Amino acid sequence: AFLRKMGRDGPQLECVEKGARHMANDIDAILKLAVEETRLREESRKPGDFEGLSRGDETKISALHLLFFRERNYWDGLRETNALIRQFVLEPFADEANGLDGCRGGESSEKRAGAVLFLLKNDEFLPKAKLLAFIDENDLSNKEDLSNVAKEFKCWVAYAEAKETLHKWRCSLVDSEEEELDRKARDCHRAIQKVLSFPGGWNVPACPTLGSFGTLDLSSCRSNCLPR
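Residues numbered from 1 in each chain as written. Predicted model: local features only at pLDDT ≥ 70, side-chain atom pairs only at ≥ 80, totals over all residues. Heavy atoms only, no water.

## Digging into the overall build of the chain
No. 1: A count of helices and strands for the chain gives nine helices and zero strands.
No. 2: When the helices and strands of the chain are read in sequence order from the N terminus, they spell out α-α-α-α-α-α-α-α-α.
No. 3: Look at the contacts in the chain between residues 6 or more apart in sequence, and 64% of them connect residues 24 or more apart.
No. 4: With an accessible surface of roughly 12,700 Å², the chain has 51% of that area assigned to carbon and sulfur atoms. (Helix = DSSP H or I, 4+ residues; strand = E, 2+ residues; numbered from the N terminus. Contact = heavy atoms within 4.5 Å. Areas by Shrake-Rupley, 256 points an atom, 1.4 Å probe, with all protein chains shown as cover.)

## A word on the nonpolar core
No. 1: If you look at the biggest cluster of nonpolar residues, it comprises 41 residues, and the most contacted ones within it are I61, W75, L120 and F153.
No. 2: Excluding anything up to four places from it in sequence, L120 contacts I85, L126, K128, F153, W156, V157 and A160. (Core = buried A, V, L, I, M, F, W, Y, C linked by side-chain atoms within 4.5 Å. Buried < 20%, exposed > 50% of the residue type's maximum accessible area, 1.4 Å probe, protein only.)

## Comments concerning the pattern of salt bridges
No. 1: The final tally for this structure, using the stated rule, is nine salt bridges.
No. 2: A salt bridge links D28 to R72, with the shortest nitrogen-to-oxygen separation between them at 2.7 Å. Of this pair, D28 sits in helix α2 (residues 27–41) while R72 sits in the loop between α3 (55–64) and α4 (74–97), and the two are 44 residues apart along the sequence.
No. 3: For K154, the salt bridge is made with D136, and the minimal N-O distance between the two is 2.8 Å. Taken as a pair, K154 in helix α7 (residues 144–175) and D136 in helix α6 (residues 128–137) lie far apart in primary sequence, 18 residues in all.
No. 4: Relative accessible area serves as the criterion here: at 28%, K154 is assigned to the partly exposed category. (Salt bridge = Lys/Arg side-chain N within 4 Å of Asp/Glu carboxyl O.)

Written as structure tokens, this is what we have:
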């Protein structure tokens, strides 16, 4: 609980460093558990400080930082990032199915997509470029579990880039010159095509290591995120 509520950078980094010195055999499991429990226990629907994010969202995103101070924790961090993004994407549809007042899956999912974009666009919260480089530096040819984790993360990056590019194109319809509009339309087409033609399929094939719930999550993400 102490780690889950702690601020980023200074306090978090100091705790991780001290934990690595004094609890070397346990610190990795402790950090993973802290991030996982934050994702599962924090309430998402309270008002927050960032646009499109609740206070619970902020706490969950901030907690991810615990797994990105040291490279040895990157795979756990990537797993938790994927799980958190799936939660953001699917939560509105679960709320609608459960009959929560005012919840309409399609409309709410657009707002929750803002949390995904916020997470993947801000290096302050998630070192995206460093993580993509880390994935590319590893030989995953005989490591199906890690390969699927990497593919899913790259899928979400492509999805976020497509959402942002589509938003820019829609905004340009109002006041852009024809040449600029054509350029943005081509950018949007490429971004969406990258999502739909992602190598190996979007959003990674069914994998036994995900478990039944993880596989169901990915199936729901495909049906709700990809156009028909």
